[in-house]
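Residue-level listing of the chains:
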Amino acid sequence: MTTVYLNGEYKPLSEASINVLDRGFTFGDGVYEVIPIFNRTIFRFDEHMQRLENSLKAIFMENPYSSSEWFSIFEKLIETVEVSEQSIYLQVTRGVTERDHDISLAENPTIFAMSRPIEKKDLSGGINAITHEDIRWQYCDIKAITLLPSVILRHKAKQQGAKEAILIRDGYITEGAASNVFICKNNEIFTPPKNNNVLPGITRDLVVEILADHKMAYSETTITGEELLNADEIWITSSTWEIVPVTQLNNMPVGTGEVGPLWQTVNKLYQEFKSGYCH
Ligand SMILES: Cc1ncc(COP(=O)(O)O)c(C=O)c1O
């Protein structure tokens, strides 16, 4: 049985329900976070809380809870799940109002959180990806629940036998439909800089931190679609998938078509960081 948190109460998932006039339902008016739990420890809690704060601020909402209040909600939810590798999903919407665009009508946010086991897929052998025009809006740095473009993009990838769509806007890579992107060329690692076209991925930032700490050659810089196609290695990153090598792009091999040596090195460093992590 999954226990969830909804507006101050813990209850079985099957008993949790919300009003159909919730603005999350009628407008997609809300933000979310996905936070991995490794070994029952909340991974990069402060970073996720900071991103939540930024997302709420960007949509003119106040954070309903302090970090310590969120922390104790998460701790309770984690206890209800048997396995130690979990992922917390939390969502804050602007709450229930008449169906009117005006946000001043909103008084009480709807606050929902749950923790579920991470379904570990072994993607270490590499995945296929496609490239696609970035069809999303211009506030991609907000972790908004309004995810229809990403849903369509993931579906298009799946229709072509791929797991992810790598997005290109005005000739430059932004990110994946639900991941950040890294490429390697001549032993150097590149990832697009953070701006309004990219979600500031917590995994992305951690990978950049690891590269800096280990004095590896890397740069946060614009990457053209052409550079992506000619990369020696491509990786995508996200909290639940971690670092995944892309070995086929648009049905063509990436580099040798095998998982590359830089991925091996960086993934090992990431796994070491994870196993030594304590909040
Ligand atoms: C659009 C997008 N970019 C990047 C990411 C990766 O972010 P994180 O590493 O914080 O999971 C996600 C995660 O879902 C995403 O949806």
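Conventions we followed
Residues numbered from 1 in each chain as written. Predicted model: local features only at pLDDT ≥ 70, side-chain atom pairs only at ≥ 80, totals over all residues. Heavy atoms only, no water. Helix = DSSP H or I, 4+ residues; strand = E, 2+ residues; numbered from the N terminus. Polar contact = N/O pair within 3.5 Å; in protein donor to acceptor, adjacent residues only side chain to side chain. Domains from an automatic or database assignment. Contact = heavy atoms within 4.5 Å. Buried area = accessible area lost by both parts, 1.4 Å probe. Axes fitted to C-alpha atoms, helices over the stretch in contact; angles between N-to-C directions. Parallel < 35°, antiparallel > 145°, perpendicular 65-115°, else oblique. Left-handed = near helix turned anticlockwise from the far one by under 90°. Nonpolar A, V, L, I, M, F, W, Y, C, P; charged D, E, K, R; others polar. Expected span 1.5 Å × (residues − 1). Near = heavy atom within 4 Å. Areas by Shrake-Rupley, 256 points an atom, 1.4 Å probe, with all protein chains shown as cover. Core = buried A, V, L, I, M, F, W, Y, C linked by side-chain atoms within 4.5 Å. Buried < 20%, exposed > 50% of the residue type's maximum accessible area, 1.4 Å probe, protein only. Pairing = 2+ DSSP bridges. Phe/Tyr/Trp six-rings, centres within 6.5 Å; stacked < 30°, edge-to-face > 60°. Lys NZ or Arg CZ within 6 Å of the ring centre and 35° of its normal.

Points about the side chain of Thr-174
So, step 1. Along the chain, the position of Thr-174 falls in strand E9 (residues 172–176).
So, step 2. There is a polar contact of 2.7 Å between the side chain of Thr-174 and the side chain of Asp-134.

A word on the domain arrangement of the protein
So, step 1. Each domain of the protein was delimited in the assignment, giving domain 1 (3–117) and domain 2 (127–275).
So, step 2. Each of domain 1 and domain 2 was reduced to a C-alpha centroid, and the two centroids are 26 Å apart.
So, step 3. At the interface, 23 residues of domain 1 touch 18 residues of domain 2.
So, step 4. Around 1,600 Å² of area is buried between domain 1 and domain 2 when both sides are counted, 67% of it from carbon and sulfur atoms.

A few points about the packing of helix H2 (residues 45–58) against helix H3 (residues 67–79)
Two numbers describe a pair of packed helices, the interaxial angle and the distance between the axes.
So, step 1. Interhelical geometry of H2 versus H3 gives an angle of 120 degrees and a closest axis separation of 11 Å. In this view, H2 runs oblique relative to H3, as classed from their interaxial angle. Considering the relative orientation of H2 and H3, their crossing is right-handed. For the pair H2 and H3, the contacting residues are Phe-45, Met-49 and Leu-52 in the first and Ser-67, Trp-70, Phe-71 and Phe-74 in the second.
So, step 2. For the contact of H2 with H3, the per-class residue count stands at six nonpolar, one polar and no charged.

A look at helix H5 (residues 202–213)
So, step 1. Relative to the 16 Å expected for 12 residues at 1.5 Å per residue, H5 spans 16 Å between its end C-alpha atoms, a close match to the ideal helical length.
So, step 2. Positive backbone phi, approximately 50 degrees, marks Lys-215, located one or two places after H5.

Concerning the site of the ligand
So, step 1. Among the 16 residues in the neighbourhood of the ligand, the closest are listed as Arg-51, Glu-175, Ile-202, Thr-203 and Ser-239.
So, step 2. Note that an oxygen atom of the ligand is positioned 3.3 Å from one of the side-chain N or O atoms of Lys-143.
So, step 3. Ser-239 is positioned such that a nitrogen or oxygen atom in its backbone is 2.8 Å from an oxygen atom of the ligand.
So, step 4. Relative to its unbound accessible area of 390 Å², the ligand is 90% covered by the protein chains.
So, step 5. Elements with a contribution of two residues or more to the shell around the ligand: E9, H5 and strand E13 (233–238).

Digging into the nonpolar core
So, step 1. By size, the foremost hydrophobic cluster in this structure holds 24 residues, and its most contacted members are Met-49, Trp-70, Phe-74 and Leu-90.
So, step 2. Going through the elements one at a time, strand E3 (30–38), H2, H3, strand E5 (86–93) and strand E6 (110–117) are the ones with two or more residues in this core.
So, step 3. Considering each element in turn, this core owes the most residues, five residues, to H3.

What about the sheet that holds strand E4 (residues 41–42)?
One key point about sheets: their strands pair by backbone hydrogen bonds, in either a parallel or an antiparallel sense.
So, step 1. Strand order across the open sheet formed by six strands is E2-E1-E6-E5-E3-E4, with antiparallel pairing between neighbours. Bordering the open sheet on either side are strand E2 (9–12) and E4, each of which pairs with just one other strand.
So, step 2. Judged from the two bridges that link them, E3 and E4 form a sheet pairing that is antiparallel. Paired with Ile-37 across the two strands is Ile-42, which belongs to E4.
So, step 3. Contacts from H2 reach E3, E4 and E5, with the element oriented near 175 degrees to E3.
So, step 4. Here H3 sits on the sheet and contacts strand E1 (3–6), E2, E3, E4, E5 and E6; the angle it forms with E5, its principal contact strand, is near 135 degrees.

Details of the packing of aromatic side chains
So, step 1. Evaluated as defined, the whole model comprises 15 aromatic pairs.
So, step 2. On the basis of an interplanar angle of 65 degrees and a centroid distance of 5.2 Å, the ring pair of Tyr-5 and Tyr-10 is categorised as edge-to-face.
So, step 3. Across the ring face of Phe-38, the terminal group of Lys-274 is positioned such that the distance to the ring centre comes to 4.1 Å.

Observations concerning unusual backbone geometry
Peptide bonds are, in most cases, trans, and in most cases residues other than glycine have a negative phi.
So, step 1. In the Ramachandran plot, Arg-44 falls in the positive-phi region, its phi being about 55 degrees despite a non-glycine side chain.
So, step 2. Along the chain, the position of Arg-44 falls in the loop between E4 and H2.
So, step 3. Phi at Lys-215 is positive, roughly 50 degrees, even though this residue is not glycine.
So, step 4. By the secondary structure assignment, Lys-215 is in the loop between H5 and strand E12 (218–220).

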